[in-house]
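The lines below spell out each chain.
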Number of protein chains: 4
Amino acid sequence: MLNVSIIGASGYSGAELAKLIASHPNFNLKGCYVSQQSLDKGKLLSDLYPEHSGLLDLELLPLCNESYVQIAQSSDYVCLCTDHKVSVELAPKFLDLGVKVFDLSGGFRLASASQYEQYYGFSHNHQTLLDSAAYGLVEWNKANIAKAKLVAVAGCYPTAALNALKPLKQSGLLADSQIIINAVSGVTGAGRKAAINTQFCEVSLAPYGLFNHRHGPEITQYLDHPILFTPHLGNFSRGILETIYVRLADNVTENDVTQAYQTLADEPLIRLKGRVLPSIKSVAGTPYVDIGWQQQGQQLIVVVAIDNLLKGAAGQALQCMNIASGFNATLGLKD
Amino acid sequence: MLNVSIIGASGYSGAELAKLIASHPNFNLKGCYVSQQSLDKGKLLSDLYPEHSGLLDLELLPLCNESYVQIAQSSDYVCLCTDHKVSVELAPKFLDLGVKVFDLSGGFRLASASQYEQYYGFSHNHQTLLDSAAYGLVEWNKANIAKAKLVAVAGCYPTAALNALKPLKQSGLLADSQIIINAVSGVTGAGRKAAINTQFCEVSLAPYGLFNHRHGPEITQYLDHPILFTPHLGNFSRGILETIYVRLADNVTENDVTQAYQTLADEPLIRLKGRVLPSIKSVAGTPYVDIGWQQQGQQLIVVVAIDNLLKGAAGQALQCMNIASGFNATLGLKD
Amino acid sequence: MLNVSIIGASGYSGAELAKLIASHPNFNLKGCYVSQQSLDKGKLLSDLYPEHSGLLDLELLPLCNESYVQIAQSSDYVCLCTDHKVSVELAPKFLDLGVKVFDLSGGFRLASASQYEQYYGFSHNHQTLLDSAAYGLVEWNKANIAKAKLVAVAGCYPTAALNALKPLKQSGLLADSQIIINAVSGVTGAGRKAAINTQFCEVSLAPYGLFNHRHGPEITQYLDHPILFTPHLGNFSRGILETIYVRLADNVTENDVTQAYQTLADEPLIRLKGRVLPSIKSVAGTPYVDIGWQQQGQQLIVVVAIDNLLKGAAGQALQCMNIASGFNATLGLKD
Amino acid sequence: MLNVSIIGASGYSGAELAKLIASHPNFNLKGCYVSQQSLDKGKLLSDLYPEHSGLLDLELLPLCNESYVQIAQSSDYVCLCTDHKVSVELAPKFLDLGVKVFDLSGGFRLASASQYEQYYGFSHNHQTLLDSAAYGLVEWNKANIAKAKLVAVAGCYPTAALNALKPLKQSGLLADSQIIINAVSGVTGAGRKAAINTQFCEVSLAPYGLFNHRHGPEITQYLDHPILFTPHLGNFSRGILETIYVRLADNVTENDVTQAYQTLADEPLIRLKGRVLPSIKSVAGTPYVDIGWQQQGQQLIVVVAIDNLLKGAAGQALQCMNIASGFNATLGLKD
């Protein structure tokens, strides 16, 4: 059994990951940490998530200066389910203490520190870590994930978009023009916090973050193609649906597109649906990426859906940890 | 035109009342105030409620010491859509300045100051006002509402329960035993504030406040009968549904029950549905109280539904103001 | 008072229109008809819509051969809230009997009968009526609506899209390239019928009708510009949100765009929100079209929202009837 | 591996059971049958439930006269996820062919054929089977379930109510008076069929079946105590919440109640929450029964919640099959 500690375990991604690890045959959930200010002393993780009562009856622990050495000594892996700024601060500490780090935030996903100034609004002083971190998009980066000390688990929106688009890009089917990604995410994507805009009575389908969402440059970087990414908040808890408008290069046929997607056919968490289009319901609560597409002339519409907390966060983090451990990538996710 | 100012206009009840007043033929929405700490300077009420853009483009004003005289001088009526503690503090000030007060909180609904210690957890030092306040349950207290300087608009749960039960009580149809009121409210009932338990992803049908909800004594007091009141939070925005279990006195017939409800037949906002049972959908967004019932022997089940923000708060406040002004009670509520 | 009869009154649009007419100061709801097979004898419209109990307690009447003359003689206007095939059959009958017809279906919206073969799958034998029908998109066609015998009230999706795009087109701001319209509609848009895909447990955000939805050619025709229209079903009852991706012509500035939208500034049901983007919540239950937009270089994103049953159906039909009657276009819709 | 066939596999309970069996280490999903009239030839179960794509890619087969022998020969167990009338017809056929039957309908839950006339409205001609059937309420009837040829899996509402009340009854803590059970079920409880009242836009919290729901006599029979059972339909897909009003016998203390519930402490799917009250969210998607309670004098309120498709149907059926097979009762349900 490998020991895993989670920092930021009380959030939606953290709790989902705690559940996956606690149910995993080869991982042991060693400790669940939260920041001292958000600690409600003596609370169990299952007090916050009563649906996991019995499984997650672990006391939430405060993360303090004394914690680092103790966590590092008792854990094989540390998972950061923290804000990107916190992750950027914590990852080097744990790496220095010799423990492998799986970061679910955006703190180590972009290639260059200078991009953090622009898109995340802070100075990132760890270019070396950005260089050495493996991007945790499982289907496309297994070798690096297997050997990296720091894995930057892919963002939720990019996981959907990149799995939908990279097969086309790699097969040279894309025209040069900009791809439009119209995306809708469930409210868990906004995190578990007391905020007005995610109150029950305030949530309603609406766009946000036009032209400047942080997942835009993440997609561009790993796709190497111009995109326009527009996220929306939808009135459901879990799931992401992206409707993607693609111009195909001249003479690309329906068969070419099908062939391109066939390159993903052996990936255990990719479900290729052909002309049948996915919905939020078809993926919520599952570890899968569902991809459907329809074409008319050189216009292709790809529809891709994932559960934002599973394939979009905790599920993919678990895949990365499985890979790093030499286990089957879907162990504990899919029978 | 009568001028009306609203304190606490940014909450759900406050905004609903602002909308009703702004659309009313004889009332003028004079000012919308919020506490200084919650003020977002320069914000319009319609910035918070874009659905009312065009109608509620008034700037939210801070309530400060200088405001009282100015409000009193410029307003015929002041509506308090504030927490009960704030209402208990503000009502005497406005009454001293000679303006009529309509309080939507629980601050003046109970008969005795000592009950506030028990149920609301604070010392209420205004027994005289409790004595003189008119209970704003329109169907049962018009004369007092018409002449009172302070109207304590009835609570949302009690408005439904009392209209469902008082006809039976007044007609002497109730057995002595305790009545059970199983109630479910929409999330607007919890107010507009950043809180974890009313986050979109956290809301789920669940009971709360067993044995000690503040609306219990309010119902008991105006019904003069033992009740057990159990509220639940439901996963919808607006509406209250109460399923009420009543033991009838010996020999009470179905016809007796129908006769009892007929005493409400002329009330314009009461819809007597007979054996057809109401739902949340049948009242949400309407000013009505829908009452249905079915009987088996001496067991009666009454189902009553209202919109918690309309008949349960702002709509009934408007009725009280109409009555106080000598207008038709439903003016501006129902054509 | 003008008498109005509604055919297909039991559907969502029909009932919404019945409510508007029954509340209107100058219209009288003369009769509510349904097809004989869907008639539940003796049912009131308010039995199906208990929220309108008191207002819509009219018996639903069967539409049969004997009905036409009687309806025509007793009504100034007939509103068809029927399937497009039924509308195409009924409209000529009522027109021949001398009564003005407002059709809420797609039966008379396209310019040429041949398009019906392609997009609606049936032979349309009334090219003359297609030629003479006024397209009921209020903001853009008042003069024709005022004098037409047959008004083809605009479709829900086109009403949103055309109001969002025609100002740009008319001002010459559009690049030649295809505009992408990503649209999401509430479930009332699918009509009131027993179907599996609109069951409570089956609804989930999902695209449908790619490349061939009937509202595509309707938008193209009245915009005179290439578009790609992709509708989705969303998990909410009412409302449409369209996120529209537009390439602007070279050198078009933010100010040019603002100027273009200013041409709609005096339209009473258009709310120009500038950089503030609308949501479903901001329009559901309202008669408005909310339009917001943001620009980056020559890329413009316009977000437009309407209530599909009001501005998208019954509300706009009422506007058309107001205009045909010489009344203020928003009478009965907005105070 | 034991082979299991499911009749009525396309409904919500049937599909949930298919998923559990297909994922089970010791059961093999042999065949999924639907009635010939509801068969859409060539459809896979995962076409109806795309969330289970990959797991449930079995073709739905028509149930016809030739099927019985073939099913019986190839299956160790047959699960009936059919309407009670169909179950009453099918169960004897399969029993005669020597295969064990697990019936998820109400067809064999009541003790006497005469009750079926009264509560189900048809003549039940299999009193012998009613006598020999084991009631599939796992926590209370394991020995009979283990050896029965026909298991009548307990109803969803009774599973919750009986687990909440039998501990009190068995410990002699109940006063003689009637217990009131106010229950709310998610919409999957109404089955997967095209119906108006379960359309997305029609569902709203509302009571139904007052005084005569079929689960009333089922609870009474196995509790042996008078109850008043009032179900409601709630606006959520999965889950049942019951708020139960109990009068305790004189002098019963809080400790007595706690002791009574402790008799369930070792049951693996019962989660005793004490004063913490369950919600729909705490059980939806889980196999558990959550029970919380609060007491004031002799008034006890018990709140119990289950997932109606799991512990309330397919999950409990699987438990029964595990028990009948000598496996751990929660195998395949809980790790």
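An unreviewed UniProt entry annotates chain A as N-acetyl-gamma-glutamyl-phosphate reductase originating from Pseudoalteromonas luteoviolacea DSM 6061. Taken directly from UniProt, the Sequence similarities (unreviewed entry) text for chain A runs: "Belongs to the NAGSA dehydrogenase family. Type 1 subfamily." For the record of chain A, the UniProt heading Pathway (unreviewed entry) holds the text "Amino-acid biosynthesis; L-arginine biosynthesis; N(2)-acetyl-L-ornithine from L-glutamate: step 3/4."

Draft legend 1. Quick peek at the relation of the copies chain D and chain C. Overlaying chain D on chain C yields an RMSD of 0.0 Å, the required transformation being a rotation through 180 degrees with an accompanying axial translation of 0.0 Å. Here the copies are linked by what is in effect a two-fold axis. Looking at chain D, 100% of its interface residues are interface residues in chain C too, so the copies touch through the same face.

Draft legend 2. Structural view of the relation of the copies chain C and chain A. Of the two same-sequence chains, chain C is brought onto chain A (RMSD 0.0 Å, axial shift 0.0 Å) by a rotation of 180 degrees. Of all interface residues in chain C, 100% are interface residues in chain A too; the two copies therefore contact each other through one and the same surface.

Draft legend 3. Highlighting the interface of chain D and chain C. The interface of chain D with chain C comprises 17 residues on the first partner and 17 residues on the second. Taken over both partners, the interface formed by chain D and chain C buries close to 1600 Å², and the fraction arising from carbon and sulfur atoms is 58%. The largest per-residue losses of area from chain D upon contact with chain C belong to Gln199, Phe200 and Cys201 of chain D, which jointly make up 42% of the total buried on that side. Connecting chain D to chain C are 2 salt bridges. Of the charged contacts, one joins arginine 192 of chain D and glutamate 202 of chain C as a salt bridge, the two residues approaching to 3.4 Å between their closest N and O atoms. If you look at where chain D meets chain C, you find 12 residue pairs in polar contact (both at pLDDT 80 or more).

Draft legend 4. Focus on the side chain of asparagine 322 of chain D. Residue and element names in this part refer to chain D. By the secondary structure assignment, asparagine 322 is in helix H11 (residues 310-324). Of the polar contacts made by the side chain of asparagine 322, one reaches the backbone oxygen of leucine 331; its length is 2.9 Å. Contact partners of asparagine 322, with chain neighbours within four places excluded, come to His24, Phe27, Phe327, Asn328, Ala329, Thr330 and Leu331.

Draft legend 5. Seen up close, the domain arrangement of chain A. Residue and element names in this part refer to chain A. Here the domain parsing of chain A yields domain 1 (2-154 + 311-325) and domain 2 (156-308). One C-alpha centre belongs to domain 1, the other to domain 2; they are set 24 Å apart. If you look at the interface, domain 1 gives 24 residues, while domain 2 gives 28 residues. Approximately 2300 Å² of surface area, both sides summed, lies buried where domain 1 meets domain 2, with 57% of it carried by carbon and sulfur atoms. Of all residues in domain 1, the largest losses of buried area upon contact with domain 2 belong to Tyr12, Trp140 and Lys311, amounting jointly to 30% of the total for that side. Put simply, domain 1 and domain 2 have 3 salt bridges between them. Note that glutamate 267 and lysine 142 form a salt bridge whose closest N and O atoms lie 2.6 Å from each other. Linking domain 1 to domain 2 there are 14 residue pairs in polar contact (both at pLDDT 80 or more). Of all the elements in the fold, those that place two or more residues in the side of domain 1 that touches domain 2 are helix H1 (12-22), helix H5 (113-120) and helix H11 (310-325).

Draft legend 6. Region of the structure containing the sheet that holds strand S13 (residues 289-296) of chain C. Residues and elements named next belong to chain C. Read across the open sheet, the 7 strands follow the order S9-S10-S8-S11-S14-S13-S12; overall the sheet is mixed. Bordering the open sheet on either side are strand S9 (206-207) and strand S12 (270-274), each of which pairs with just one other strand. Relative to strand S10 (residues 227-233), S9 is paired through 2 bridges, and the arrangement is antiparallel. Counted as the bridge partner of alanine 206 is leucine 233 from S10. Packed on one face of the sheet, helix H8 (residues 156-170) meets strand S8 (179-185), S10, strand S11 (240-247), S12, S13 and strand S14 (299-306) and runs near 35 degrees to S11. Sitting on the sheet, helix H9 (residues 215-223) touches S8 and S10, and the angle it makes with S10 is about 140 degrees.

Draft legend 7. Inspection of the packing of helix H1 (residues 12-23) of chain D against H11 of chain D at higher detail. Residue and element names in this part refer to chain D. Closest axis-to-axis distance for the H1/H11 pair is 9 Å, and the angle between their directions is 40 degrees. Of the possible angle classes, the one that applies to H1 and H11 is oblique. Relative to H11, H1 is oriented so that their crossing is right-handed. Two secondary-structure elements touch here, H1 through Ser13, Glu16, Leu17, Leu20 and Ile21 and H11 through Leu310, Ala313, Ala314, Gly315, Ala317, Leu318 and Met321. Taken together, the residues of the contact of H1 with H11 sort by class into 9 nonpolar, 2 polar and 1 charged.

Draft legend 8. Structural view of helix H3 (residues 67-74) of chain D. Turning to H3 of chain D, its buried residues are Ser67, Tyr68, Ile71 and Ala72 of chain D. Looking straight down H3 of chain D, one finds that the buried residues subtend no more than 120 degrees of arc, so they occupy a single side.

Draft legend 9. Looking closely at the interface of chain C and chain A. Across the contact, 33 residues belong to chain C and 33 residues belong to chain A. Carbon and sulfur atoms make up 65% of the surface buried where chain C meets chain A, a total of about 2800 Å² over both sides. Of all residues in chain C, Leu205, Phe211 and Tyr245 of chain C bury the most surface against chain A, accounting for 23% of the area lost on that side. Taking the shortest distance from any N to any O, the salt bridge between glutamate 202 of chain A and lysine 281 of chain C comes out at 4.0 Å. Every element with two or more residues in the side of chain C that touches chain A is listed here: S8, S9, S10, S11, S13 and S14 of chain C. In terms of residue class, the side of chain C that touches chain A is made up of 18 nonpolar, 12 polar and 3 charged.

Draft legend 10. Representation of the packing of aromatic side chains in the model. Per the stated rule, a full pass over the model turns up 42 aromatic pairs over all chains. With centroids separated by 3.6 Å and ring planes inclined at 5 degrees, the aromatic side chains of tyrosine 135 of chain A and tyrosine 222 of chain A adopt a geometry described as stacked. Placement of the pair is tyrosine 135 of chain A in strand S6 (residues 134-136) and tyrosine 222 of chain A in helix H9 (residues 215-223), with a sequence separation of 87 residues. Through successive ring pairs, a cluster of aromatic residues spans Phe27, Tyr77, Phe102 and Phe327 of chain A. If you follow lysine 166 of chain B out to its NZ or CZ, it ends over the ring of tryptophan 140 of chain B, 5.3 Å from the centre.

Draft legend 11. Region of the structure containing the UniProt feature "domain: Semialdehyde dehydrogenase NAD-binding" (unreviewed entry) in chain A. UniProt records the feature "domain: Semialdehyde dehydrogenase NAD-binding" (unreviewed entry) at residues 3-148 of chain A, using the numbering of this structure. In residues 3-148 of chain A, helix accounts for 38% and strand for 20%; the two terminal C-alpha atoms are 18 Å from one another.

Draft legend 12. How the structure looks around the environment of leucine 269 of chain C. Residue and element names in this part refer to chain C. By secondary structure assignment, the location of leucine 269 is in the loop between helix H10 (254-262) and S12. Remark: the alpha-carbon pair of leucine 269 and tyrosine 288, spanning 19 residues in sequence, is separated by 4.7 Å. Contacts of leucine 269, omitting those with residues within four sequence positions, involve Glu139, Pro287, Tyr288, Val289, Lys311, Gln319, Thr330, Leu333 and Lys334.

Draft legend 13. Main features of the environment of phenylalanine 94 of chain C. All names here are of chain C. Mapped onto the elements, phenylalanine 94 comes out in helix H4 (residues 84-96). By relative accessible area, phenylalanine 94 is classed as buried at 0%. Excluding anything up to four places from it in sequence, phenylalanine 94 contacts Ile7, Tyr68, Ile71, Val78, Leu80, Val99 and Val101.

Draft legend 14. How the structure looks around the UniProt feature "active site" (unreviewed entry) in chain A. All names here are of chain A. The UniProt record annotates "active site" (unreviewed entry) at Cys156. Relative to the helices and strands, cysteine 156 resides in helix H8 (residues 156-170). Residue cysteine 156 is classed as buried on the basis of its relative accessible area, which comes to 15%. Apart from the residues lying within four places of it in its own chain, the contact partners of cysteine 156 are His215, Ile240, Ile306, Asn308 and Gly312.

Draft legend 15. Up close: the pattern of salt bridges. Residue and element names in this part refer to chain C. Applying the stated criterion to the full structure yields 37 salt bridges over all chains. Taking the shortest distance from any N to any O, the salt bridge between aspartate 307 and arginine 238 comes out at 2.9 Å. Highlighted residues: aspartate 307 in the loop between S14 and helix H11 (310-325) and arginine 238 in the loop between S10 and S11, separated in sequence by 69 residues. We classify arginine 238 as partly exposed; its relative accessible area is 23%.

Analysis parameters
- Residues numbered from 1 in each chain as written.
- Chains lettered and ligands numbered in written order.
- Predicted model: local features only at pLDDT ≥ 70, side-chain atom pairs only at ≥ 80, totals over all residues.
- Heavy atoms only, no water.
- UniProt positions renumbered as here; feature names shortened; annotations may be inferred.
- Least-squares fit on C-alpha atoms with pLDDT ≥ 70 in both.
- Contact = heavy atoms within 4.5 Å.
- Buried area = accessible area lost by both parts, 1.4 Å probe.
- Salt bridge = Lys/Arg side-chain N within 4 Å of Asp/Glu carboxyl O.
- Polar contact = N/O pair within 3.5 Å; in protein donor to acceptor, adjacent residues only side chain to side chain.
- Helix = DSSP H or I, 4+ residues; strand = E, 2+ residues; numbered from the N terminus.
- Domains from an automatic or database assignment.
- Pairing = 2+ DSSP bridges.
- Axes fitted to C-alpha atoms, helices over the stretch in contact; angles between N-to-C directions.
- Parallel < 35°, antiparallel > 145°, perpendicular 65-115°, else oblique.
- Left-handed = near helix turned anticlockwise from the far one by under 90°.
- Nonpolar A, V, L, I, M, F, W, Y, C, P; charged D, E, K, R; others polar.
- Buried < 20%, exposed > 50% of the residue type's maximum accessible area, 1.4 Å probe, protein only.
- Arc of directions from axis to C-beta.
- Phe/Tyr/Trp six-rings, centres within 6.5 Å; stacked < 30°, edge-to-face > 60°.
- Lys NZ or Arg CZ within 6 Å of the ring centre and 35° of its normal.

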